[in-house]
Amino acid sequence: MDKASGTRDRVDDYINKGLRGFWVPVAVSVQVQTGKPFATRIAGENLVMWRDGAGKVRCVEDFCPHRGAKLSLGEVQDGNIACRYHGVSVDGTGTVARVPAMPNCALEGRKALTAYSCEEAGNAIFIYLPSADRPEAPAFEPPEEFTNGEWEVFPCMTRWDCSYRLSLDNAADPMHAIYLHSDSFTLSYGAKQDTMNLERTEDGFRIERMGQKGVNLDETEVVMDEGMMYFRLDIPYPDGAGPGGPFRIIGFATAIDDDTHHSFFWRCRKVTGLAAESWRFLYRAFLEDRHWFVLEQDRNMLESIPSDARRREMLYQHDIGVSRLRQLMVRRAKEHFKALDAAEADKKSA
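Every value quoted in this text rests on a predicted model; they were computed, and no experiment measured them. (Residues numbered from 1 in each chain as written. Predicted model: local features only at pLDDT ≥ 70, side-chain atom pairs only at ≥ 80, totals over all residues. Heavy atoms only, no water.)

### Here's the deal with the overall build of the chain
For step 1, the next point in the chain: The secondary structure content of the chain amounts to five helices and 17 strands.
For step 2, the next point in the chain: The C-alpha atoms of the chain give a radius of gyration of 22 Å, which matches the 20 Å a tight globule of 350 residues would have.
For step 3, the next point in the chain: In terms of principal-axis extent, the alpha carbons of the chain reach across some 70 × 60 × 35 Å.
For step 4, the next point in the chain: Out of the 350 residues in the chain, the part that is buried amounts to 49%.
For step 5, the next point in the chain: In the chain, once contacts between residues fewer than 6 apart in sequence are set aside, the share between residues at least 24 apart is 58%. (Helix = DSSP H or I, 4+ residues; strand = E, 2+ residues; numbered from the N terminus. Rg over C-alpha atoms; globule rule 2.2 N^0.38 Å. Buried < 20%, exposed > 50% of the residue type's maximum accessible area, 1.4 Å probe, protein only. Contact = heavy atoms within 4.5 Å.)

Rendered as structure tokens:
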């Protein structure tokens, strides 16, 4: 294998497991209840989350430092997570807090597990996945729709049995909507031929159809800043779909492992007060099933794509957004490996 091929495979394997150096959503807030541990798997790592005495979410490896049992099978005690096997408890920093079977045990006070920074926004829980080039969590800056008070937002979370990269590629491809979703509530309108334009932005890029605006899913904004990677798109809604203008979707794709991921979609409308309550009721009562119908079309299509499809693809002009997204991901992966290799070189020379 030549050096270029080896580098490419190394980068590809790393990205497939989940690109690090980002805040990623890992659960809907209601899933992590007070007094109960919650197990999940993110980027190939088994994790456990719980709420401490102040209600703040904590997250560490799902591994008891005593004998390796899953902490998620235990219970929350005094704001810490305690193993069911022998009662050893660990705090939110990954430090052994107590060994009840042996007072003054030498294990107490030892940092034993990797801990992850946690934040909540948009009724969901995010953790920071550190990378070699970005080991410390940057400022948590979620999409503005979650925090500026002008939008009604609520998340949905679903598991898809395919790489998270396919979800991101799908979002960077507005042209698929008129074909794959041609029998949906709002995505059946517009021309089936067009060309694409890509506009670079300060924190990513925007991919848009040249021949029509505001008719279908005609553009996507992809954000890849210092701390987050997500997409934003608007779907035009008719007047009968309630107040607030277009139906906006904020989407994240979080790797579980190479072949599965969690897709997170925030349903957003620019409404407040009574209008927000009306929109929420209308969505739950009449529109949510149609949204899930569209998501199932995406899921079924993406799950049908083989894991090695990228090696055989024949891309064309419509795929400039997909190509740009992949370039940005490879760039971030190479930054990780540059820092990792530099650290290894320093160790050898020490």
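### Looking at the sheet that holds strand S13 (residues 204-209)
For step 1, the next point in the chain: The strand order across the open sheet built from seven strands is S11-S17-S16-S15-S14-S13-S12, with neighbouring strands paired in antiparallel fashion. With one partner strand each, in any of the chains shown, strand S11 (152-160) and strand S12 (196-201) form the two edges of the open sheet. On average, adjacent strands in this sheet sit at an angle of 20° to one another, irrespective of strand direction.
For step 2, the next point in the chain: Across five bridges, the pairing between strand S14 (residues 219-224) and strand S15 (residues 229-235) is antiparallel. Bridge pairing links Val223 to Tyr230 in S15.
For step 3, the next point in the chain: Across the sheet, helix H2 (residues 164-171) lies against S11, S14, S15, strand S16 (247-257) and strand S17 (260-269), angled at about 155° from S16, the strand it touches most. (Pairing = 2+ DSSP bridges. Axes fitted to C-alpha atoms, helices over the stretch in contact; angles between N-to-C directions.)

### Some remarks on helix H5 (residues 320-349)
For step 1, the next point in the chain: Between the first and last C-alpha of H5 there are 43 Å, a value that for 30 residues agrees with the 44 Å anticipated at 1.5 Å per step.
For step 2, the next point in the chain: Of all the residues in H5, the buried ones are Gly321, Val322, Arg324, Leu325, Arg326, Leu328, Met329, Arg332, Ala333, His336 and Phe337. (Expected span 1.5 Å × (residues − 1).)

### Overview of the pattern of salt bridges
For step 1, the next point in the chain: A complete count under the given rule lists 30 salt bridges for this structure.
For step 2, the next point in the chain: Its salt-bridge partner being Arg10, residue Asp341 comes within 2.9 Å of it at the nearest N-O pair. Highlighted residues: Asp341 in helix H5 and Arg10 in helix H1 (residues 3-17), separated in sequence by 331 residues.
For step 3, the next point in the chain: Its relative accessible area of 36% is what places Arg10 among the partly exposed residues.
For step 4, the next point in the chain: What you see here is one network of salt bridges that share partners, running through Asp133, Arg134, Glu226, Arg332 and Glu335. (Salt bridge = Lys/Arg side-chain N within 4 Å of Asp/Glu carboxyl O.)

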